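Report on the structure
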Amino acid sequence: MGESSSGGTWRRAGFAGAAIGVLAAGAAAGVAVERLTVGRSVRRKARLALDSAGPYGGLRGTPGRALADDGTVLYYEVDEVGEVGAGDRAEVPARLRRLFGRREPAPVTVVFSHGYCLNQDSWHFQRAALRGLVRTVHWDQRSHGRSGPGVTQAGPDAVPVSIDQLGRDLRAVVDAAAPEGPLVLVGHSMGGMTVMAFAEQYPELMRERVAGVAFVGTSAGKLHEVTYGLPVLGVNAVRRILPGVLRTLGAQAELVERGRRATADLFAGLVKKYSFASKDVDPAVARFAERMIESTPIDVVAAFYPAFAEHDKSASLPALRDLPVLALAGDRDLVTPSSHTEAIAALLPDAELVIVPDGGHLVMLEHPEAVTDRLADLLVRAGAVPRPTAAGTEPGES
């Protein structure tokens, strides 16, 4: 192959890789204007500086591994009550007071499930706030983060992953990391779909152990109607060809990944556009999200994508009617629009519906305190944290 032909292939792979990288965030196309007005070398230096100094995603807990029903190894970490750094111990009573209005730790395990092309670190702020106060489990979905590649998604007979499979994966993690005691299940985007599949497949466990559920920026179905803020005709045309394009690119993973790296500026602008709504997002947070998404290999993007078109769990939601439920989304989420969260709440009339102003798809990173405070409220409503008897007091406290 001649040099010009090779270069053309590389450039085409670069633009294809950038577009697929956006799909990893649930996006389609578009570039922030500032990417056209700031020099590439300046942006590259800024990314390197943020990579070396960014404080996010460094929280670690006690590691463990669960085995999925198809043999896939699923990585999780547990943060136990009272397990905090020496410098944080003095802050524990104050954090308990602010979040729950009491001093005693919550007798519950909160299990966090992350979204498509992210990993457990996407819950960084909520993990930091609850760390040492409540027992939490953070896990990486199959083929994401530190979990192993999906066994059934590998080899010549590979099959796309299903949302039902992810529900079974969550069961494996629960059995390994939290085999007893009350649970609160929290899911963002694909993670919320995982929780829905879990609820549908394990109704007895839901009745016996689940004390509350939080859905953050997710959907119970009809994702084929999402336009990502783009013209409907163009989006529909892309949808028709996208599964085949993804399969082709997934088979040329090395070339596509090289091209995606070569178009890092375009990729970063797209990730920001479809992850956040605020104009003043902390650059370190934006880069943190970008790094999580860009670390997802193209073949994983390809294996998971078909599951979203098929996803429909609206019929399973009424089973959650008797549970405290939080349904939260950003008001400017282009990936799973807030109307999808409103639809979830409509099926669960007692659910707390929260639409966060100026919030995008990664609302838990963009407006962390708003999300954390609502999760704390859910824990109280779920009975995981007893309510104080009076404002600012506890039973037996004067």
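Residues numbered from 1 in each chain as written. Predicted model: local features only at pLDDT ≥ 70, side-chain atom pairs only at ≥ 80, totals over all residues. Heavy atoms only, no water.

Here's the deal with the overall build of the chain
Helix and strand counts for the chain come out as 16 helices and 8 strands. Buried residues in the chain amount to 54% of all 398 residues. Of the roughly 17,200 Å² that the chain leaves accessible, carbon and sulfur atoms contribute 55%. (Helix = DSSP H or I, 4+ residues; strand = E, 2+ residues; numbered from the N terminus. Buried < 20%, exposed > 50% of the residue type's maximum accessible area, 1.4 Å probe, protein only. Areas by Shrake-Rupley, 256 points an atom, 1.4 Å probe, with all protein chains shown as cover.)

Quick look at the packing of aromatic side chains
Applying the stated criterion to the full structure yields 6 aromatic pairs. Summarising the aromatic geometry, the rings of Phe112 and Trp123 are spaced 5.0 Å apart at their centres and angled 55° between planes, so their arrangement reads as tilted. In this pair, Phe112 sits in strand E3 (residues 106-113) while Trp123 sits in the loop between E3 and helix H5 (124-130), placing the two residues 11 residues apart along the sequence. The same class applies to Phe112 as to Trp123, namely buried. Put simply, the rings of Tyr56, Phe125 and Phe288 touch in pairs and so form one group of aromatic residues. Over the ring of Tyr202 we find Arg171; its NZ or CZ atom is 4.8 Å from the centre of that ring. (Phe/Tyr/Trp six-rings, centres within 6.5 Å; stacked < 30°, edge-to-face > 60°. Lys NZ or Arg CZ within 6 Å of the ring centre and 35° of its normal.)

Examining the packing of helix H4 (residues 92-100) against helix H16 (residues 368-381)
Look at H4 against H16: their axes get within 9 Å of each other, and the N-to-C directions meet at 80°. When the interaxial angle is binned, H4 and H16 end up roughly perpendicular. Contacts between H4 and H16 involve Arg98, Leu99 and Phe100 from the first element and Thr372, Asp373, Ala376, Leu379 and Val380 from the second. Grouping the amino acids of the contact of H4 with H16 by side-chain chemistry returns 5 nonpolar, 1 polar and 2 charged. (Axes fitted to C-alpha atoms, helices over the stretch in contact; angles between N-to-C directions. Parallel < 35°, antiparallel > 145°, perpendicular 65-115°, else oblique. Contact = heavy atoms within 4.5 Å. Nonpolar A, V, L, I, M, F, W, Y, C, P; charged D, E, K, R; others polar.)

Remarks on the side chain of Gln126
Residue position: Gln126 is located in helix H5. Leave out the neighbours within four places in its chain, and Gln126 touches Phe112, Met364, Pro368, Val371, Thr372 and Leu375.

So, the nonpolar core
Phe100 and Leu365 are the most contacted members of the largest nonpolar core, which has 42 residues in total. Among all residues touching Leu365, those that are not within four sequence positions of it are Ser122, Phe125, Phe276, Val285, Phe288, Ala289 and Met292. Core analysis: the next-biggest nonpolar cluster, separate from the first, contains 34 residues, Leu74, Val111, Leu170 and Tyr202 among them. (Core = buried A, V, L, I, M, F, W, Y, C linked by side-chain atoms within 4.5 Å.)

Section: H16
What sets the pattern is the α-helix's 3.6 residues per turn: residues three or four places apart point alike. Compared with the 20 Å implied by 1.5 Å per residue over 14 residues, the 20 Å span of H16 between its first and last C-alpha is a close match. Count one or two residues on from H16 and you reach Gly383, which has phi positive near 80°. (Expected span 1.5 Å × (residues − 1).)

Remarks on the pattern of salt bridges
Counting across every chain of the model gives 19 salt bridges. Among the salt bridges present, the one from Asp121 reaches Arg60, with a minimum N-O distance of 2.9 Å. Residue Asp121 is found in the loop between E3 and H5, and its partner Arg60 is found in the loop between helix H3 (40-53) and strand E1 (62-67); the two are separated by 61 residues along the sequence. Arg168 is the partner of Asp69 in a salt bridge, and the nearest nitrogen-oxygen pair spans 2.6 Å. Taken together, the residues Asp69 in the loop between E1 and strand E2 (73-79) and Arg168 in helix H6 (residues 163-177) connect sequence positions 99 residues apart. The class of Arg168 is partly exposed, set by a relative accessible area of 27%. Linked through salt bridges whose partners overlap, the residues forming this network are Arg60, Glu77, Asp79, Asp121, Arg127 and Arg131. (Salt bridge = Lys/Arg side-chain N within 4 Å of Asp/Glu carboxyl O.)

Some words on the pairing of E1
Looking along a regular strand, one sees side chains alternate from face to face of the sheet. Note that E1 and E2 share 6 bridges and pair antiparallel. The residue bridging Arg65 from the neighbouring strand is Tyr75, located in E2. The antiparallel hairpin formed by E1 and E2 contains 5 residues in its connecting segment, where Gly71 sits at a positive phi of about 95°. (Pairing = 2+ DSSP bridges.)

Thoughts on helix H14 (residues 338-347)
Three or more residues of H14 are buried, namely Ser338, His340, Thr341, Ile344 and Ala345. Each buried residue of H14 sits inside an arc of 155° when the element is viewed along its axis, so together they form one side. Packed against the buried residues of H14 are helix H7 (190-201), strand E6 (210-216), strand E7 (325-330) and strand E8 (352-356). (Arc of directions from axis to C-beta.)

Section: the confidence of the model for the chain
Per-residue confidence for the chain gives a mean pLDDT of 81, with 70% of residues at or over 70. For residues 1-39, every residue scores under 50 in pLDDT, and the model assigns this stretch 70 contacts once sequence neighbours within four places are set aside. Of the regions scoring below 50 in pLDDT, residues 389-398 engages in 12 contacts with residues more than four places distant in sequence or in other chains. (pLDDT = per-residue confidence, 0-100.)

As for the packing of H6 against H7
Look at H6 against H7: their axes get within 7 Å of each other, and the N-to-C directions meet at 80°. Viewed along their axes, H6 and H7 adopt a mutual orientation that is roughly perpendicular. Contacts from Ile163, Asp164, Leu166, Gly167, Arg168, Leu170, Arg171 and Val174 of H6 reach H7 at Met190, Met193, Thr194, Val195, Ala197, Phe198, Glu200 and Gln201. Taken together, the residues of the contact of H6 with H7 break down into 9 nonpolar, 3 polar and 4 charged.

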